[in-house]
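Structural overview
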Amino acid sequence: MTMLHLNAFLMGVGHHEAAWRLPDSDPFAQTDVEHFTRLARIAERGKLDSLFLADSPVLWNSIGRRPGGTLEPTVLLTALAGATSHIGLIATASTTYNEPFNLARRFASLDHVSGGRAGWNIVTTAGEKAARNFNLDDLPAHRDRYERAAEFIEVSQKLWDSWDDAAPLGDKDAGRWGDDELLYPPEHSGRYFKVAGPLNVPRSPQGYPLLVQAGSSEDGKDLAARYAEAVFTAQQTLGEAQAFYRDLKRRAAQAGRDPDTIKILPGIVPAIGATEAEAHALEEELDRLIKPEYARQQLATTLRVAPENLDLDRELPADLPSEDEIEGAKSRYTLIVTLARRERLTVRQLIGRLGGGRGHRTFAGTPEQVADAIEQWYRGGAADGFNIMPPVLPSGLETFVDHVVPILQRRELFRTEYTGTTLREHYGLTRPTNQFTRQLTTASR
């Protein structure tokens, strides 16, 4: 029976931007390995498929607004690999500001260290500030970033396949550690990259890390349809989620893939209480702690307008840039503007809605109501699972694992035990065949 896939998206002390101001929150937890170790073990106790760390090669926001600075995710996940035994470990890494050899090596290493639990969230990175950290004056064009990303992925796959599974021999009697004939240097020469190879890490337990993608623009969906095995996305309504789900599955089929091999996981930010009133009280307390002057500046940056043009008690101005004028984070720009226009939100109200999940669906209710919401989207053809984004950590994750997961298990929607050891097994995916071995086999026929 097909089961839900649940991923724990870990962010400091919670996804709500004001979570750090709660009395029980540690405002310095974002660099505390023990904090993340506790979260990873909670998620594994709930038998979740994976945990996920976002990242960007730039300081995300004003450090006055919320805790700033994060640990490099593959380094942190390497530490968490030793503290867990089953849960998948997904890290974000940019194709715009990395090179394939270094990144392929890093993820192959994480896959070896974790025994086959690594995943790569592939992003192209929006924003001019990141560009200026890497010898660039401006953000590369949207289409160029996605074309580079496609070649980056293909080079990475060639590098992961540059060792045959049988290349390491360890033959002490013959004095022969490995078979050089079973190395396949890619000798890649393309538009963006020249990479000789082979990789200096043997083929890892999963072959490749699980490939995850998080962009929902047209270019982002095309990239996901070609390469992604899981997609993190943001939709506000059931209808929007169903349309995205159908569209991406269709694109995957057109790309020659089995649509079931791409898992779509919308984000949900659940404020959970023993009663509805308790859940809404938590939501209201968090929103009250938002500093609107910081949030308005961030919203203005996203919308490409001056902060003084965003009146807190008025709706968004009519003369916003069109989507075609946006080079970074196109899909998130469209989501925010659509939400504000559809519900006729003032800037202050919009800031409150974005403060919890930055455009992901926020939901306040009891464990039963959260489980109902998840089941409705899952059975309604809107999701293969969910990216769980607790507004407050660790308490929000503990509540989800201890009170929502058991309901989903009783409804036979989610596993009660892990049945595999690798992340690919959790997602019901097979280990990729080595492309060079396949080519040699075909050529010999």
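Just above sits the structure.
Residues numbered from 1 in each chain as written. Predicted model: local features only at pLDDT ≥ 70, side-chain atom pairs only at ≥ 80, totals over all residues. Heavy atoms only, no water.

Regarding the overall build of the protein
Per the secondary structure count, the protein includes 15 helices and 13 strands. A compact globule built from 445 residues should have a C-alpha radius of gyration of about 22 Å, and the protein, at 22 Å, falls within 12% of that. Dimensions of the protein along its principal axes, counting C-alpha atoms only, are 75 × 50 × 40 Å. Considering the protein as a whole, with its 445 residues, one finds that 55% of them fall into the buried category. Sequence-distant contacts in the protein: of pairs separated by 6 or more residues, those separated by 24 or more amount to 77%. Positive and negative side-chain charges of the protein, numbering 51 and 61 respectively, have mean locations separated by a distance of 1 Å. (Helix = DSSP H or I, 4+ residues; strand = E, 2+ residues; numbered from the N terminus. Rg over C-alpha atoms; globule rule 2.2 N^0.38 Å. Buried < 20%, exposed > 50% of the residue type's maximum accessible area, 1.4 Å probe, protein only. Contact = heavy atoms within 4.5 Å. Lys, Arg positive; Asp, Glu negative; His and termini not counted. Charge placed at Lys NZ, Arg CZ, Asp CG, Glu CD.)

Things to note about the environment of Ala29
Inspection of the secondary structure puts Ala29 in the loop between strand S1 (5-10) and helix H1 (33-45). Its relative accessible area of 1% is what places Ala29 among the buried residues. Note: C-alpha distance between Ala29 and Leu423 (394 residues apart in sequence) is 27 Å.

A look at the packing of aromatic side chains
Under the counting rule described, the total for this entry stands at 12 aromatic pairs. Between Phe9 and Phe52, the aromatic rings sit 4.5 Å apart at their centres with planes inclined by 55 degrees, giving tilted as the arrangement. With a gap of 43 residues between them, Phe9 in strand S1 and Phe52 in strand S2 (residues 50-53) connect regions that are remote in the sequence. Overall, the relative accessible area of 6% leaves Phe9 in the buried class. Note on Phe52: relative accessible area 4%, which makes it buried. With a centroid separation of 6.2 Å and an interplanar angle of 80 degrees, the aromatic rings of Trp120 and Trp160 are classed as edge-to-face. Taken together, the residues Trp120 in strand S4 (residues 118-123) and Trp160 in helix H5 (residues 142-160) connect sequence positions 40 residues apart. Among the aromatic residues, those joined into a cluster by ring pairs are Phe107, Trp120, Phe152, Trp160, Tyr192, Phe193 and Tyr208. (Phe/Tyr/Trp six-rings, centres within 6.5 Å; stacked < 30°, edge-to-face > 60°.)

As for the packing of helix H3 (residues 100-114) against H5
The N-to-C vectors of H3 and H5 enclose an angle of 55 degrees; their axes lie 9 Å apart at closest approach. By the angle between their directions, the pair H3 and H5 is classed as oblique. With respect to the hand of their crossing, H3 and H5 are arranged in right-handed fashion. The residues of H5 that touch H3, namely those facing Pro100, Phe101, Leu103, Ala104, Phe107 and Ala108, are Phe152, Val155, Ser156, Leu159 and Trp160. Among the residues making up the contact of H3 with H5, the classes are represented as 10 nonpolar, 1 polar and no charged. (Axes fitted to C-alpha atoms, helices over the stretch in contact; angles between N-to-C directions. Parallel < 35°, antiparallel > 145°, perpendicular 65-115°, else oblique. Left-handed = near helix turned anticlockwise from the far one by under 90°. Nonpolar A, V, L, I, M, F, W, Y, C, P; charged D, E, K, R; others polar.)

Comments concerning the packing of H1 against helix H2 (residues 73-83)
Here H1 crosses H2 at 55 degrees, and the two axes come no closer than 10 Å. Taken as axis vectors, H1 and H2 run oblique relative to one another. Here H1 and H2 pass one another in a crossing that is right-handed. Of the residues in H2, those in contact with Val33, Phe36, Thr37, Ala40 and Arg41 of H1 are Leu76, Ala79, Leu80 and Ala83. Counted by class, the contact of H1 with H2 contains 7 nonpolar, 1 polar and 1 charged residues.

Overview of the pattern of salt bridges
Summed over the entire model, instances satisfying the criterion amount to 27 salt bridges. Its salt-bridge partner being Glu72, residue Arg106 comes within 3.7 Å of it at the nearest N-O pair. Residue Arg106 is located in helix H3, and its partner Glu72 is located in the loop between S2 and H2; the two are separated by 34 residues in the primary sequence. We classify Arg106 as partly exposed; its relative accessible area is 28%. The closest approach of N and O atoms between Arg251 and Asp247, which form a salt bridge, is 3.1 Å. Separated by 4 residues within a single helix, Arg251 and Asp247 lie in helix H7 (residues 238-254), roughly one turn from each other. (Salt bridge = Lys/Arg side-chain N within 4 Å of Asp/Glu carboxyl O.)

With respect to the environment of Ala108
Inspection of the secondary structure assignment puts Ala108 in helix H3. With 96 residues separating them along the chain, Ala108 and Ser204 place their C-alpha atoms 5.7 Å apart. Non-local contacts of Ala108, meaning those with residues more than four positions away in its chain, are made with Trp160, Leu199, Val201 and Ser204.

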